[in-house]
Amino acid sequence: MTPHRKSHPFSLPNVLTYLRILAVPAIVALLFWPREDEMRWWALGFFVAAAITDYFDGYFARAWHQYSAIGRMLDPIADKLLVAAALLMLVADETITSWSLWAAIIILSREILVSGLREFLAELRVSVPVTQIAKWKTTAQLVAIGFLIAGPAGDAVLPEGWTLQIGLTLLWVAAGLTLYSGWDYFRSGIKHILAEDDKDP
């Protein structure tokens, strides 16, 4: 087994994570002009670039065996900031409305609940690995949000209304995977929580 190397705070995997965090305010600012197609495309460009860094920071960390505490801390935070900020802006500009709001609520609620669960389990020194379902969930979320950011601007590429409909459909798929993966994490962690309660005072 190749030993992990001590990673510098400005190693490439960490820099990619920092860039993903910095992309969040840029995407939010661009989505303040929701009716401007050019701004939508710029926002989509930043979002896609940020989503790509989510893959490559992990890829380079594994390939070069560069793991750091700051990277482990910031990587999931960067992912949640990206998804949460984009969803909130899409709700604010009414790209996501009506029943589809529930899909956004499910996604955001799950992220908060799982973060709380992970924090508690970390205190017990219990690690909950990322599952394959969770990876599919993240991919579905990112693709759905990408289509929704394009929104009406996507009508220049696809038939009118298709971009939004594809995005909303994928958002519900992501919400379903989100619920399942959240339950999967809870099921894995509940035994440790119950064991902690059963300990003698």
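Residues numbered from 1 in each chain as written. Predicted model: local features only at pLDDT ≥ 70, side-chain atom pairs only at ≥ 80, totals over all residues. Heavy atoms only, no water.

**Section: the overall build of the chain**
Then step 1. A count of helices and strands for the chain gives six helices and two strands.
Then step 2. Counting helices and strands in the order they occur from the N terminus, the chain gives β-α-α-β-α-α-α-α.
Then step 3. Here the chain holds 201 residues, and 38% of them are scored as buried.
Then step 4. In the chain, once contacts between residues fewer than 6 apart in sequence are set aside, the share between residues at least 24 apart is 77%. (Helix = DSSP H or I, 4+ residues; strand = E, 2+ residues; numbered from the N terminus. Buried < 20%, exposed > 50% of the residue type's maximum accessible area, 1.4 Å probe, protein only. Contact = heavy atoms within 4.5 Å.)

**Remarks on helix α5 (residues 132–150)**
Then step 1. Between its first and last C-alpha, α5 extends 28 Å over 19 residues, near the 27 Å set by a 1.5 Å rise per residue.
Then step 2. The set of residues buried in α5 consists of I133, A134, K137, A140, Q141, L142, A144, I145, G146, L148, I149 and A150.
Then step 3. Once α5 finishes, G151 follows within two positions and takes phi at roughly 45°, a positive value. (Expected span 1.5 Å × (residues − 1).)

**Details of the confidence of the model for the chain**
Segments scoring low in pLDDT should not have their predicted coordinates read at a detailed level.
Then step 1. Per-residue pLDDT for the chain averages 82, and the proportion of residues at 70 or more is 79%.
Then step 2. Per-element confidence in the chain is highest for α5, whose mean pLDDT is 91, and lowest for strand β1 (residues 5–6), whose mean pLDDT is 56. (pLDDT = per-residue confidence, 0-100.)

**Details of a nonpolar patch on the surface**
Then step 1. Residues W99, L101, W102, I105 and W172 make up a contiguous nonpolar surface patch of roughly 580 Å² in combined accessible area.
Then step 2. It is helix α4 (residues 100–123) that provides the largest number of residues to the nonpolar patch, a total of three residues.
Then step 3. Structurally, L101 can be placed in helix α4. (Patch = residues over 30% accessible without salt bridge, like charges linked within 9 Å, V, L, I, M, F, W, Y side chains within 5 Å. Areas by Shrake-Rupley, 256 points an atom, 1.4 Å probe, with all protein chains shown as cover. Salt bridge = Lys/Arg side-chain N within 4 Å of Asp/Glu carboxyl O.)

**Quick word on the pattern of salt bridges**
Then step 1. This model, assessed by the stated rule, comprises six salt bridges.
Then step 2. Look at the salt bridges and you will find they share partners, linking K80, R110, E111 and K137 into a network.

**Re a negative patch on the surface**
Then step 1. A grouping of E36, D37, E38, D155 and E160 is seen on the molecular surface, where their side chains present a negatively charged patch.
Then step 2. Inspection of the secondary structure assignment puts D155 in the loop between α5 and α6 (162–198).
Then step 3. Overall, D155 belongs to the partly exposed group, its relative accessible area being 32%. (Lys, Arg positive; Asp, Glu negative; His and termini not counted. Charge placed at Lys NZ, Arg CZ, Asp CG, Glu CD.)

**Some remarks on the nonpolar core**
Then step 1. Ranked by size, the top nonpolar core spans 32 residues in total, and within it F47, L82, L87, I107, I145, I149 and L171 carry the most contacts.
Then step 2. Among the elements of the structure, α1 (12–30), α2 (37–63), α3 (69–92), α4, α5 and α6 are those that each provide at least two residues to this core.
Then step 3. Those residues in contact with F47 that sit more than four places away from it in its chain are I27, L82, A86, L142, I145, G146 and I149. (Core = buried A, V, L, I, M, F, W, Y, C linked by side-chain atoms within 4.5 Å.)

**Thoughts on unusual backbone geometry**
Then step 1. The backbone phi angle of E94 is positive, close to 65°, even though this residue is not glycine.
Then step 2. Residue placement: E94 occurs in the loop between α3 and α4.
Then step 3. Take E94: its relative accessible area is 58%, and that puts it in the exposed class.
Then step 4. In this model, S98 sits at a positive phi of 50°, which is unusual for a non-glycine residue.

**Digging into the environment of A104**
Then step 1. Considering the arrangement of structural elements, one finds A104 in helix α4.
Then step 2. A relative accessible area of 4% places A104 in the buried class.
Then step 3. C-alpha of A104 to C-alpha of V83: the two residues are 21 residues apart in sequence and 9.8 Å apart in space.

**Quick notes on the side chain of T53**
Then step 1. By secondary structure assignment, the location of T53 is in helix α2.
Then step 2. In this structure T53 touches L16 and R20, once residues within four positions along its chain are discounted.

**So, the environment of L81**
Then step 1. By the secondary structure assignment, L81 is in helix α3.
Then step 2. Along the primary structure L81 and A23 are separated by 58 residues, whereas in three dimensions their C-alpha atoms are 9.9 Å apart.
Then step 3. Those residues within four positions of L81 in sequence are excluded, and the remaining contacts are I21 and V24.

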